[in-house]
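One letter stands for each residue in the lines below.
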Amino acid sequence: MSSLSWSEVFAYHRTRRGIGERSLLVDRGESGYTNFFLPDGRILYMGEGKRGHQEPLGGNLRLLMAYREGRPLRVFLRERPGLWRDLGLYRVGGWRYALWPEEGRYVYWFTLEHGGCEGVP
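Every value quoted in this text rests on a predicted model; they were computed, and no experiment measured them. Each chain carries its own residue numbering, running from 1 in the direction its sequence is written. In view of the model being predicted, local features appear only for residues whose pLDDT reaches at least 70, and side-chain atom pairs are presented and counted only at 80 or more, with totals across whole chains, interfaces and linings using the full set of residues. Neither water nor hydrogens contribute to the side-chain values; these are computed over all heavy atoms in the structure.

Chemist: Teacher, can you tell me more about unusual backbone geometry here?
Modeler: Note: most residues except glycine have negative phi, and most peptide bonds are trans. Residue arginine 14 is not a glycine yet carries a positive backbone phi of 65°. Here a helix means four or more residues in a row that DSSP labels H or I, a strand means two or more in a row labelled E, and each is numbered from the N terminus. Inspection of the secondary structure puts arginine 14 in the loop between helix 1 (6-13) and strand 2 (23-26). Arginine 14 gets classed as exposed once you look at its relative accessible area, which sits at 62%. Exposure is judged per residue with a 1.4 Å probe applied to protein chains only, and the accessible area is read against the type maximum: over 50% gives exposed, under 20% gives buried, and values in between give partly exposed.

Chemist: How do you make sense of the layout of surface pockets when you look at a structure like this?
Modeler: With a probe scaled to a water molecule rolled over the atoms, the places where space remains empty come into view. Buriedness for pockets is judged along seven lines, at least five of which must meet protein on both sides within 12 Å for an open set on the 1 Å grid over protein atoms alone, while cavities are sets there where a 1.4 Å probe fits but cannot get out, and lining residues have an atom within 4 Å of a point. Grid points are joined across faces, edges and corners, and a volume is the space filled by probe spheres set on the points. Space inside the largest pocket adds up to approximately 310 Å³. Around the largest pocket sit 17 residues that line it, and Arg16, Arg17, Gly18, Ser31 and Tyr33 are the ones nearest its centre. Counting residues per element, the ones that place at least two in the lining of the largest pocket are strand 2 and strand 4 (43-46). Asp, Glu, Lys and Arg are counted as charged, while Ala, Val, Leu, Ile, Met, Phe, Trp, Tyr, Cys and Pro are counted as nonpolar; the rest, among them Gly, fall into the polar class. By residue class, the composition of the lining of the largest pocket is eight nonpolar, four polar and five charged.

Chemist: Would you mind showing me how to read the pairing of strand 7 (residues 105-114) here?
Modeler: Walk down a regular strand and you will see the side chains alternate between the two sheet faces. The buried fraction of strand 7 is high, at seven of ten residues. When DSSP locates at least two bridges between a pair of strands, those strands are taken to pair. As defined by bridge partners, strand 4 adjoins strand 7 across four bridges and the pair is classed as antiparallel. If you follow leucine 44 over to strand 7, its bridge partner there is threonine 111. Hairpin geometry of strand 6 (residues 83-100) and strand 7 is characterised by an intervening segment of four residues between the two adjacent antiparallel strands and by a positive phi of about 65° at glycine 104.

Printed below as a string of C-alpha cells:
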C-alpha cells in the first residue's frame, strides 16, 4: 500500500475534522483522541468532542446515522506527519455511550469493522 499526502486525503475527506461526510481519520493518539486497534482488525473509534460529555451532534450524529443506514466509510490512517494510508472501507458495526473513567466524562465509542461494498466511492 502506498502512502498518501495530506492534500490527497483532504481532496476526498474535505475537512480537517476526524469525521467527514464519507470518511474518517484515525491515528495513534497524535490528535488527542484515543483509538484502539483491535487484534481482529476492528477499530474502536472515540467520538467527537474533547471536553465535557460528548453529544449526539456533528460527527457523532453522522456515525450514528452511518450505523443505522449500514453506510460504509473510508478510513485513512495517519502514518506520520503528512503521510496517510487508505485502510479501505469500514462499517460502524456497533456503538456505545459510556463513562470514560480516565477523563471522567461520557464519550461515544464506535466499533469500526472492515468491509463494505468496494464499489462505493
